[in-house]
Amino acid sequence: MQLPYHDKHTNVAVNYFWHSSVPNNRRNKNYTLFGNCTFRVKVGGRTGTANLGFSFRYSLFDGISRLIGQGSGATAEKPSYATDLKIAYDS
C-alpha cells in the first residue's frame, strides 16, 4: 500500500530519530513501509549527496483470526527490514 506522503526537513541533527505514523492498518494484512532520505555528506574530504532508502515489512496479527500468508512475509530473499545507501560525489 502506498500513501501519498512527502515531508522535507532542513538542517536535521545527525541523531534525529526518524519516525512515521501509518493510520488505518488492518489486522492480518501484510504491509511494507518504505521511504528515503536525501542529504549532503562529506566523506574522506569529498563532498556529495547521499540517498538512504529503507523498507520495513510488518503485519498486525490479532491473535484470534487465521493468518493469511506467513506473518510479515519476510524470507531470506525479502527480510523484514532493509536499507540501501548510495552516495553521488561532486565532481
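First, a word on what this report is: a plain description of the structure on this page. Since we're looking at a predicted model, the values are computed, not measured. (Residues numbered from 1 in each chain as written. Predicted model: local features only at pLDDT ≥ 70, side-chain atom pairs only at ≥ 80, totals over all residues. Heavy atoms only, no water.)

Overview of the packing of aromatic side chains
Within the structure shown, the criterion is met by two aromatic pairs. Seen from their ring centres, Tyr31 and Tyr58 are 5.5 Å apart, and the 20° between their planes marks the pair as stacked. Of this pair, Tyr31 sits in strand S1 (residues 30-43) while Tyr58 sits in strand S2 (residues 46-59), and the two are 27 residues apart along the sequence. Among the residues examined, Tyr58 registers a relative accessible area of 15% and is labelled buried. Residues Phe56 and Tyr58 carry aromatic rings whose centres are separated by 5.8 Å and whose planes lie at 20° to one another, so their mutual orientation is stacked. Phe56 gets classed as partly exposed once you look at its relative accessible area, which sits at 36%. Through a chain of ring-to-ring contacts, the aromatic side chains of Tyr31, Phe56 and Tyr58 assemble into a single cluster. (Phe/Tyr/Trp six-rings, centres within 6.5 Å; stacked < 30°, edge-to-face > 60°. Helix = DSSP H or I, 4+ residues; strand = E, 2+ residues; numbered from the N terminus. Buried < 20%, exposed > 50% of the residue type's maximum accessible area, 1.4 Å probe, protein only.)

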